[in-house]
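Here's the letter readout for the chains.
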Amino acid sequence: RTEKSRIIVTEVKENMIGLLVEEVPEVLRIQEGNIDPAPEVFETRVHSDFIKGVGKLEKRLIILLDVDKILSKEEVTQVGEMKK
């Protein structure tokens, strides 16, 4: 952990979880109408299965991750068991 580390709280498969990330350079709000589905061919360091769509904000394209797919089935199960 560093001073730049942050916890992102999100919902995965109906479970609220916190994800520890190295850094959050900025937080953006993108209107749903400005989000397109991910293209079939996508050149990025992020595996395309994890990409939910592409957001357009001013002159920028923002890759949107599908948090439901980031965790494995086993990890989602473990999160669900923590609630009990």
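Calculation notes
- Throughout, residues of each chain are indexed from 1 in the direction in which the sequence is written.
- Since the coordinates come from a predicted model, pLDDT governs what is reported: local features require at least 70, and pairs of side-chain atoms require 80 or more to be given and counted, while whole-chain, interface and lining totals use all residues.
- The side-chain quantities take in all heavy atoms of the structure and omit both hydrogens and water.
- Only DSSP runs of H or I with at least four residues qualify as helices, and only runs of E with at least two residues qualify as strands; both kinds are numbered from the N terminus onward.
- Whether a residue is buried, partly exposed or exposed follows from its accessible area with a 1.4 Å probe, protein chains only, as a fraction of its type maximum: under 20%, in between, or over 50%, in that order.
- Each accessible area value is a Shrake-Rupley result obtained with a 1.4 Å probe; residue values ignore everything except the protein chains displayed when judging cover.
- Criterion for a salt bridge: a side-chain nitrogen of Lys or Arg within 4 Å of a carboxyl oxygen of Asp or Glu.
- The criterion for strand pairing is that DSSP finds at least two bridges linking the strands in question.
- Working convention: axes come from line fits to C-alpha atoms, limited for helices to the stretch in contact. Angles between N-to-C directions cover 0 to 180 degrees.
- The set of buried Ala, Val, Leu, Ile, Met, Phe, Trp, Tyr and Cys residues whose side-chain atoms join them within 4.5 Å is what this entry labels a nonpolar core.
- Any pair of residues with heavy atoms lying within 4.5 Å of one another is described as a contacting pair.

(A) A look at the overall build of the protein chain. Each helix and strand in the protein chain was counted, giving two helices and five strands. Counting helices and strands in the order they occur from the N terminus, the protein chain gives β-β-β-β-β-α-α. The 84 residues of the protein chain split such that 19% are buried. Entry remark: accessible area of the protein chain is about 7500 Å², with carbon and sulfur atoms responsible for 50%.

(B) Broad picture of the pattern of salt bridges. By the definition in use, this model includes three salt bridges. Between Arg60 and Glu26 there is a salt bridge, and its shortest N-O distance comes to 2.7 Å. Here the residue Arg60 occupies a position in strand β5 (residues 60–65), and Glu26 occupies one in the loop between β2 (15–21) and β3 (35–37), the gap between them amounting to 34 residues. Residues Lys69 and Asp66 are paired through a salt bridge, measuring 4.0 Å at the closest nitrogen-oxygen approach. Relative accessible area serves as the criterion here: at 11%, Asp66 is assigned to the buried category.

(C) Fine view of the pairing of strand β1 (residues 6–12). Across seven bridges, β1 lies against β2 in antiparallel orientation. By the bridge assignment, Thr10 is partnered in β2 with Ile17. The antiparallel hairpin formed by β1 and β2 contains two residues in its connecting segment, where Lys13 sits at a positive phi of about 50°.

(D) Structural context of the sheet that holds β5. Ordered in space as β3-β4-β5, the three strands form an open sheet in which the pairing is antiparallel. Because the sheet does not close on itself, it has two edges, and the strands there are β3 and β5. Pairwise comparison of adjacent strand axes, ignoring direction, gives a mean angle of 30° for this sheet. With six bridges joining them, strand β4 (residues 51–57) and β5 adopt antiparallel strand pairing.

(E) Main features of the nonpolar core. Val12, Ile17, Leu71, Val76 and Val79 form the largest nonpolar core, which has five residues in total. Beyond its immediate chain neighbours, meaning those up to four positions away, Ile17 contacts Ile8, Val9, Thr10, Val12, Leu71 and Val79.

(F) Region of the structure containing the environment of Ile35. Secondary-structure assignment places Ile35 in strand β3. A sequence separation of 22 residues divides Ile35 from Leu57, and the C-alpha atoms of the two residues are 9.1 Å apart. The contact partners of Ile35, leaving out residues within four places of it in the chain, are Ile30, Val54, Gly55 and Leu64.

(G) Quick look at the side chain of Thr10. By the secondary structure assignment, Thr10 is in strand β1. Apart from the residues lying within four places of it in its own chain, the contact partners of Thr10 are Asn15, Met16, Ile17, Leu19 and Val67.

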